[in-house]
Structure formats: structure tokens, C-alpha cells
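# Secondary and tertiary structure notes
Now for the letters of each chain:
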2 protein chains.
Amino acid sequence: MGKIQLENTPLHIAQEKFISLFNFEPRVEMVRVTESLGRVTAEPIFAKISMPNFHASAMDGIAVKAENTYSAHETTPLRLKLHQDYEVVDTGDPIPEGFDSVIMVEYLRQIDEETVEITEPAVPWKHIRQIGEDIVAGEMLLPNNHKIRPVDQGALLAGGIIEIPVIAKPKVAIIPTGTELVKPTTNLKPGDIIEFNGTVFSSYVQEWGGEPIYKGIIKDDFNLIKQAVEEALEEADIVIMNAGSSKGREDFTSAVIKAIGKVHFHGLATRPGKPVVLGEGANGKPIVGIPGYPVSAYLAMDWFIKPLMHNFQGLATPKRNKIKVKLAKKIVSKKGAEDFIRVTIGKIKEQYIANPLTRSAGVTMTMVKANGLLRIPIQSQGYEQGEEVEVELYRPIDEVEKMILFAGSHDLTIDLLNSVLKRIESSFGIKSSNIGSLAGILAIGKGENHVAGINLLDEKTGEYNISFVKQHLRDESIVLINLAYRQQGWIVQKGNPKNIKTIEDLKNTDIRYINRQFGAGTRVLFDYLLKRANMLPDDIYGYEREDYSHLSLAAAIKGESADVGLGILSAAQVMGLEFIPVVEERFDLVMTKQFYESDAGQTLLKAINSKDFKSQVEAMGGYSCRDTGKIMFQN
Amino acid sequence: MGKIQLENTPLHIAQEKFISLFNFEPRVEMVRVTESLGRVTAEPIFAKISMPNFHASAMDGIAVKAENTYSAHETTPLRLKLHQDYEVVDTGDPIPEGFDSVIMVEYLRQIDEETVEITEPAVPWKHIRQIGEDIVAGEMLLPNNHKIRPVDQGALLAGGIIEIPVIAKPKVAIIPTGTELVKPTTNLKPGDIIEFNGTVFSSYVQEWGGEPIYKGIIKDDFNLIKQAVEEALEEADIVIMNAGSSKGREDFTSAVIKAIGKVHFHGLATRPGKPVVLGEGANGKPIVGIPGYPVSAYLAMDWFIKPLMHNFQGLATPKRNKIKVKLAKKIVSKKGAEDFIRVTIGKIKEQYIANPLTRSAGVTMTMVKANGLLRIPIQSQGYEQGEEVEVELYRPIDEVEKMILFAGSHDLTIDLLNSVLKRIESSFGIKSSNIGSLAGILAIGKGENHVAGINLLDEKTGEYNISFVKQHLRDESIVLINLAYRQQGWIVQKGNPKNIKTIEDLKNTDIRYINRQFGAGTRVLFDYLLKRANMLPDDIYGYEREDYSHLSLAAAIKGESADVGLGILSAAQVMGLEFIPVVEERFDLVMTKQFYESDAGQTLLKAINSKDFKSQVEAMGGYSCRDTGKIMFQN
């Protein structure tokens, strides 16, 4: 059970030192200009011909010799004969030999088919596009190391260039290692892990202008891995080894690199991403050991593979735009490592607000959901709620500005709402954080979300939501809209083996309960049910075990780590569990009047009120849309 | 010679009305997730399996049943037996049946191969990644109308998705029309125009997620064009007709559309881009008639084809970032049309500076050189020099910030310098505007360029450049660096048929001279030569005919519209003309000390001083690099 002690190299040092080790000598290949989009010029490209390559008329009219028209005047009109004094030219036509000016058709008086009259002399070279007006033969059209855009192709073809020398795409070998890895499937055995990093890496390599070489899954065997890396070093320019997420895999990676080359760095002062291995083969080609956890992996690709590939092509590594945001949550960081926090950003009342996502390096979905990345410096201990910090944007700013931030209680219908919203106006989108109803209401007051989903039962009145909004959002002008009614009930194993029917059954010490987090509407409901039954938290085995969503609560029961939890029918259904209804509750959305009246708010309402949304919600089971879209309260 | 009177519809009205006419019903097709990069989801995608789909150890250590460890304490250590009380697990391993906690290896005392001792109880579900920690089966992974990124592919595969429904790529037919059009070639006959717009359009269509169908060049024949459009309407979702740049071609376009469908708009209040035709076929598919001039064409693609294609895919049309810039030149605009001015932007002394490029709709190279676009509203009469205006960026802001703005006298070696610079540090680049030496010096004083190329002869002293810099940049701390010495001479037809040797020969009225613009160093030189020969401008036929660069001056002589001009050897050489040396002049670069000392300035100096640059310059002929890189003056 021994472990290699990893180094703790600051990221920027590892990047500078490692990346500068490699002076790639790119291969050059010829491609047809018509197929050169996105390729990178290997040499400056000079025009072979001029454009236009003849003197061309810039107007519709007649070509004349200017000096023969000097006598024309209003008082002494001049008549010109076709094929002798003039030729008819249209825009773009070559100027016939011997002529040097064009008179626009508007200035001609047609006398007969072969005669026109003018009352003004022509000016030499007027209305003529001279040779080379656009491109002059010999002119540099594009410098080297230029990534070809559509307009560049136009200029190249116009300049008589048919083929150009481009830098060959860097070949990047991808070697996923791990005995537990299996090809993508829906048929997993326990312990199997789907190998999906390889696909993500291949796509990144394509986006960064390279050619991925996917080597297939290699089992955890030193010799097999060594052989695969040796092969890869032959055929590729850059080699990626992707360790499984199990223990000691990076040790395998570093041992293999040591055996066939050199390890420069092993261990970064970053969270996540620490176990990166940076080395090179005997032939001087870079080998990068990327950790197995997906978030670490994608960050490490960005840190090392992206700049290596851009250097190979002689291109500057593109940087992400940065903006200042206000943090919706306090973030704690331990000194000694740089933290990389994925965040969702939206714009509320002229301010960008960022909500941090879970930090776990294993949660792929944080990379899907994030539209920004916050870096916390090594020596920082984090930031306070409300503090202004700088983040890198993963998405264009105009998309970020159209994000509608939901933070509060989560419900599966919110994902459906996002889908319907995007069909109505695809530039809008919902980013939702599951922080519970109460925190959601408070966040509205602090200007940290646009919308909060809430399902809070007032124990005294038996009424939902309104009293909480009144209490906590006294100073805000708000609108409360019903999203749906939903059934809450006991989620239990198929066949209800523990025969749970009422809350009193949960007293049985044989029954393992799983609870929702403090502040969640479902937790408030459970506490209310306990109180009504004159029971105490201590009566429930597992009261302290908290989960943050209906679905993951259901997943815990499905995984047999708990027997029962309070939740919604749809969560039980997607996990193939049984559901015993307890109560119908009202799930509302609270928002400021300002947001309600905004373009985004009105589009959201349109989605909520659509037949499409209501029919999809009711089809899920356990929901009623009888008041969906109705204003339940406003002040 | 009749002409259709075009309408004058404001662009935003034509866009809103025309684009909203089409409610595309996209086709759906299944693709493998591994091949789905850049495709657009047709439906929301829900996870089929959870990730992890088993309880997995999050640490290296042992799996235990927590409740069996509660007696462990520092004073009462507990011994556990392998295969009975515990199993060894590594990170990622499944938790064996019956266990519910993991104790990290660091907290174990190994007694023998089958026994460990602990001094602290385990906490239930500690160090366990529960089923669904990342993805829960049934969870929405992606909404519809989402463009797939690499990380999305990872999440889809992790969620057990192998294939997904995506929106079929919109098919866009491209029909170039024009009898004068020929396929890309270097072998042009007078009047031939290379058909390159079709390639540019095809690349745009690909970039915007579509599939181009290039129909090949169609001659100017109503029936042929009509037939091609009818065919295209069958196979494509959107049809582009590209008119030749000659007269009346758009009339053909509108006539064909009228014959087989409907014309909605013909003529926009834009400069360039006016002759756009917007229509639809009998089957309701959009037909867009794009003008022939390249700049008009690419702008019109952006105005209409880009949003149509994005609507088809249910995607928001991406917007360009905007920044505020200071104008380096006055821009005049006529009321009644919106002007689209291509500009080159750089950052000088913490301010973005924009230089307008030539407005001609026929100059493809303006689209290559521009990194920004300035829109001048219909009612505006333009902007003053130094005014702050908003521009759209064609390039990322970090690239714009690294642009080195050259404005002054142009020399072919500046393009070479750009190439060498990009090899040293590809993130830098040179944008050069040819405004003449004197204007270049004045621009340095106004903070409108980083560097000015100058070749100004002081008639009194016979010395180059220094006196001008001293006079016009008194208040600036500047550095003057030699770029090269170059030969100026008479550029004449091959074989020198007019037998030109000295300036006196130019008095011959049979000889057509072509001059450089006022303020150009070469013009100053010519005036000096005239004076020295006691000649007057009136002695020269063509003194008033001005050209803006060596190359286009040479092109005019090549095109036989002039017999002789003063210019540099390399310009004569690339055009295959003859050169009679007159004088060697010094070409220097002037820059502020601040720029000289900056990272960009030092990298530029490195390029100037490189062997690579000097050898390329001398290889051009007519240059001497004996002082290249030498500081000629500083204050």
C-alpha cells in the first residue's frame, strides 16, 4: 500500500518550464485552397496574379478615350460612334484596348443604335477599376502561422493560388489505461467504468487543430502500457496517457515514462489536477500523464495539451475572456494549492453573479453546467460571499447574459422548463443550483438569483410559500407563480419489502431512513409530519444522513444504502422504485417584479404557460398543472 | 440599358421581417455520441445509467461496516480481520456487499497480512462515492438545441448514452452565376474573373454548422439559372444565388425568384451590400441573392445566411464582441445608408485605436486585413478624427491587443517583418496602413500608431528622416531605427521601349507618368529630383495621377495605363518590369521610446535584427541591410 510522494509544483512554473522544453519542427504539407479552412500557413503566401488582372469598368456605360472628349460641353454636345469612339461596357467588363475612361450610362443621350451624345468631357481613368485594385501580384496575402478563415480562402483564390503549404496537423496519441475501463455501453457490471475521457480528449485535439490517434483501452500492466507508449511515440507528436481513477495509476504512468524517457514533473499544486505527470520520450516528444478523474483530466488538457498543440502549429494559445463577478457563496480554500472552481454565472440587476458548483473532481456534470472558472491563488484562503472576483468565461458573454439563474428547491420540471424555453427562444437558458427553498428566497433578497423554486409549508396555517416570501422579502417587489403541484411520498424498494405505510413505521430500528438537507422544502415537510405524529428526530435511524436532491436520494435507496426517504413520484419512477403518496404540495417560483417584467421573465412565463410544458409535466406522473403559471401572490 | 430601381430598406427591418418568415422544421437524425462534436441536440437527453453506478471507494484503504467499529478508541484499539471485518479497496473500487464505510490507509496499523488495527470508529458512508454522485439515471444531461462540446460527450457516455438525436445539418445550396466566371486558375484571360465567392460561402456554411452544396458556375442565362435554382430548392434548405459583379446580374436574380416564387426585398439601405435580393421559392424555402462584390457578399452572408442557419438549428446567432475605439481618421458618411467600414484596431497607450481600410466593396483584402467592423447609422454623416466609436471585433480581443500598428510609408519588407515576427512569437502581428511618411510621423504624435515607416529626404541637408522627426515629434521621446536602404528608380516596361534614362526624358509628352500620393516619401523624392533638374510639375504628363503604393504603381505600368513611375526594384521585379536605378534612400522606423521598450517593441527589434529577416530582405534585390536595426536617432 505504499505511495509515491507527489511534488507540489505551482502550475505556472510547470507550464513555463515543461512547455518551453519542446521546439517542434512542424511537417509541411500542401493542401488545396478550397480545402484549407482552419489550416495554418507554413510560409507567407504571395499573390501570383493581380485582381482584377485587367482594367475593368466600375460602372455601366461606355468606354472612351478621354482626350477625344475634351470638346464636349453643354453648349457643344459631342456625338460618339460605336466601335470607333466608344464601346459599351458593363460593370466588371474589361476596358477595350485604346480606351482610358468610362462615362456612366446616366450621362449619355442615345441618338440612335450606334450614336450617343455627351455634354461633358470624360476624365482619364475615371470609373475604371485598375489592375491590382484589390490584389497586386507579388503582394503578401497571408503571413506564415496564420489560421485560414473563409475570407482568406477568397483572397488566396483571387490571387491565383490553388494550393498552399500548411503545417501538418499535430498527431496526438491518446492511451486510456485501467483494468476497470470498458467501452461505452449501457450494460455495466459493478466496478466497470465507461472509458469516456478518450472521446473528450479526441474532440479537444480536433478543436485545437490536431489529429487524435485513439489507442484503445490498455489494462493495468506495466509492459502493455510501456509497449503502447513506445508505439505512440513513433507515430504521434504528443502522447497522452490517461490513468484510471484508481490508486497508484499515476505511479504506473510515471514508472513507464521513467523506463523509456524522462519525468520532469510529477504533482502540481492544484486542486483538482494534482497527479499530473509531465515527461518526454527518448526521442524528445512530450508525454503527458493526465489524471483519471474527469474534471482533473479536462483541466490538465487545457493546461498542457492545448499550449503544446498551439506551439506545434506556431499559433498563440487562445485565452478565455475574463469578467468580474460577485460571489453568491463564500468559498473556502486551503493554502498550498491553487483551486479551480467551476461556476455558473448570470447577470442580475446589472451585476454578474457567480454560483460555485460542487468541487469534486469526479463530477463530469460540473464541466457541462459551468459557464465560468474561478482560480483561487495558492496562498489565498478563499473569498467571502458577495466579494468581487475575476473569472474566466467558458461561454460567450452574450450567452452568459441571457442565463436565467434558478437557485432554491430543485424539481425535475425545471429541466423540462429549460428545454421548452430553449425551443421558444434558444438564446435563453436556465442554470439551476439546488440550495433549498429557504436559501433560494434569501438569495432573491440578496440579488443572487433570478428565480427561486420553493415548496415551504407553513406549519401554522397549512399554507404553502406565501408567508415565507412575505417574511423574508419584505423590501422587495416580488411575484410568486405556481409551477405545479406535486405528490410527496415515501420512496421505497420495489415491492415495499419493509412494508412502510405511515410515518410511525419509520420508528422501526431495522429501517434506514435518508433525509434531505436543512432548509429543503421536503425536509420542512418531514419535520412537520414528525411533529404532527408526535415523533422526534431521534426516533428515526438515519435522520442525520442528508441528501441534496430527490434523484440522488432515490439513487441511494436504489443502491440499497437506505430503505426509505421522502421524495417525489418522478424520482421514484426513473429509479424503478415504489412510491407511497403522503401529501400533495405546491411548488412555486418566486422572482422580483423587475425580472418578471423583463424580456427573460416574460419569455420564461411564456414557456411555463405553454401547452408543451404542461403536457410534459403531467406526463411525468405525480404532478398537477391546474394552477401552472398562475400568480399566487404579488406585492 | 434599363435598370431596376432598387428599394432602400434599412437592414434591421429587412432582417427582422425576412428571417421571421421561415419556421424551419428541422430533420432529426441519430449520431453516435463519439461523433457528435459540434452537432445540436434535437431533444433533451436523459441519463440511462448512474455514474458511478455502484458505491465506490473514494480513497485507498479498507471497507468496513461502520457499526462494527464503534468500540475503537485510542485507549481501546480494535483489530479487524480480512475477509471477515474488512476488505482492501483502492480508490474507485466497488464497496463490497455488507460494508458501508471506508477507512483511509493512513489510519491503519498493519498487524499482520490479515489483520489491521484501528483507534477510531468509522463513520457510515464516509469516503464512499455513492451511486449517482456525478450523474443520476433519469437526470437531464443536456437540453434540446444544445451544441455539443467535448465535455458534453463525456457526460453523455458516462450516462450510458451511445447515440443521440441531433438536428440534421441545414443544407445550403450555392449557385454562382456569371458568364465571366472561371474556376480557380492562374491562367486568366482578360475579362475572366475567378469564382472564389463559392468557396468562401461553402466555408461559412460549414462554420455555421451546415452542409454546403456547391452547384458550380452557371452562365448568365435566365433558363439555366432558373433550372439550377429549381433543382437547389429540391435538395437544399436554403438557396444562395451569387450574382456576378457585372451590371444587372441582381436583376437576373430577382427575375428568376419572381418566376418561381416571391421576392420580399430587393435593395438595402447599406453601403456596401445594397443589391441584396431576399425571396422564397414556391415551397417556402428562403432564396437569398447575394451581390457579386466580395465585401458586399461576405457582409450579406453574415446578415442573412448566418441567422437563417442558426434558426434552422434552433441556436442563438452568435454575436461579436464590441469595444470602444478612438478613430485615427475622419470618416465621412452620406445620409440614407448604413455604412460598414472595415477597420484595423490596435492598442496604443491603454487606448484602442482604429484605422479605417478602403471602403471599396471590391477589395477582398480589406476583409483579410480587418480585425473590426464599424457600422455608421443611416442618419449619421460620419465621425471626426479622434472620436470614440463602438466597433464589432472580428478577432479575439487578446489578439487585437497584440497587434502592432504600422502607419506611414509602406515597404514590402514590412510584410516580411510580420512573417519573421510571427515565427518568433506568433501572438504578435503587424497591421500596416499605407498613409505616407509624413502622415505616419504625425500619427505617432497623436498616439494613432505604434510605428511609422518613413523615407523623407531633407532637401536642404540631403539627409534622411531625422530632421522631420525632430520637427514634428518635439514633445515625444522617440527612437528611430533603420529598417533598410533601398533603391528607388524608374519603373518602365520590359525592354524600356520609351528609352527613359533621366528625369529630363519625362518631359516628352508621349510619356505617361504615374505619381505617388502627396506626403509619400517617394513623392518628396520625385519633387526633389524635379527641382534639382529645374523642372516643373506641369512638365510631366500624369503628375496629377496618384497611386498609393509601389506595387499598384507598378501594376498600372504593367497594365500599360502608364509608361513610367518612380518606385522600388522589388515592385518592378514582381511585376516583371524593368528598373533604372536613380538613388538609394534610407527607410527607417520611428516609434515612441515607450513602445520601443515594451514587450512588443523588443520582440519587433528581435525580428528586425534576426539573420532570417536580413537575408530575406537582401534576397529581394534592391535592398541593403548594412544598418538594419541600428538606432539612427533618439532623444
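Residues numbered from 1 in each chain as written. Chains lettered and ligands numbered in written order. Predicted model: local features only at pLDDT ≥ 70, side-chain atom pairs only at ≥ 80, totals over all residues. Heavy atoms only, no water.

## Considering the relation of the copies chain A and chain B
Note on the chain copies: they are related by a rotation about an axis and a translation along it. Least-squares fitting of chain A to chain B yields an RMSD of 0.1 Å, with the superposition described by an axial translation of 0.0 Å and a rotation of 180°. What we have between these two chains is a two-fold relation. Taking C-alpha positions as the reference, the residue of chain A nearest the rotation axis is Asn321 of chain A, at 5.3 Å. A shared interface surface links the copies, since 99% of the contact residues of chain A are contact residues in chain B too. (Least-squares fit on C-alpha atoms with pLDDT ≥ 70 in both. Contact = heavy atoms within 4.5 Å.)

## Focus: the environment of Pro150 of chain A
Structurally, the position occupied by Pro150 of chain A is in helix H2 (residues 150-158). Each residue touching Pro150 of chain A, except ones within four places of it in the same chain, is listed here: Leu37 of chain A together with Val200, Ser203, Tyr204 and Glu207 of chain B. (Helix = DSSP H or I, 4+ residues; strand = E, 2+ residues; numbered from the N terminus.)

## What about the sheet that holds strand E20 (residues 277-281) of chain B?
All names here are of chain B. An order of E16-E13-E17-E21-E20-E18 is seen for the six strands of this open sheet, with the pairing classed as mixed. Each edge of the open sheet is held by one strand with a lone partner, namely strand E16 (211-214) and strand E18 (261-266). With strand direction ignored, the average angle separating the axes of adjacent strands in the sheet is 20°. Bridge count between E18 and E20: five bridges; the pairing is antiparallel. Residue pairing in the sheet places Phe265 in a bridge with Leu278 of E20. Its contacts with the sheet put helix H1 (residues 11-19) on E18, E20 and strand E21 (286-290), and the angle it makes with E18 is roughly 160°. (Pairing = 2+ DSSP bridges. Axes fitted to C-alpha atoms, helices over the stretch in contact; angles between N-to-C directions.)

## So, the side chain of Glu280 of chain A
Residue and element names in this part refer to chain A. Mapping Glu280 onto the fold places it in strand E20 (residues 277-281). A polar atom in the side chain of Glu280 sits 2.6 Å from the side chain of His264. Those residues in contact with Glu280 that lie beyond four places of it in its chain are Leu21, Phe22, Ile257, Gly261, Lys262, His264, Lys285, Pro286 and Ile287. (Polar contact = N/O pair within 3.5 Å; in protein donor to acceptor, adjacent residues only side chain to side chain.)

## Concerning the packing of H1 of chain B against helix H6 (residues 294-312) of chain B
Residues and elements named next belong to chain B. Two elements in contact, H1 and H6, have axes whose closest approach is 11 Å; the angle formed by their N-to-C orientations is 30°. Of the possible angle classes, the one that applies to H1 and H6 is roughly parallel. Our pair here, H1 against H6, has a crossing hand that is right-handed. Seen from H1, the contacting residues are Leu11, Ala14, Gln15, Phe18 and Ile19; seen from H6, they are Trp303, Phe304, Pro307, Leu308 and Asn311. For the contact of H1 with H6, the per-class residue count stands at eight nonpolar, two polar and no charged. (Parallel < 35°, antiparallel > 145°, perpendicular 65-115°, else oblique. Left-handed = near helix turned anticlockwise from the far one by under 90°. Nonpolar A, V, L, I, M, F, W, Y, C, P; charged D, E, K, R; others polar.)

In short, the description is geometric, and any link to function would need to be established separately.
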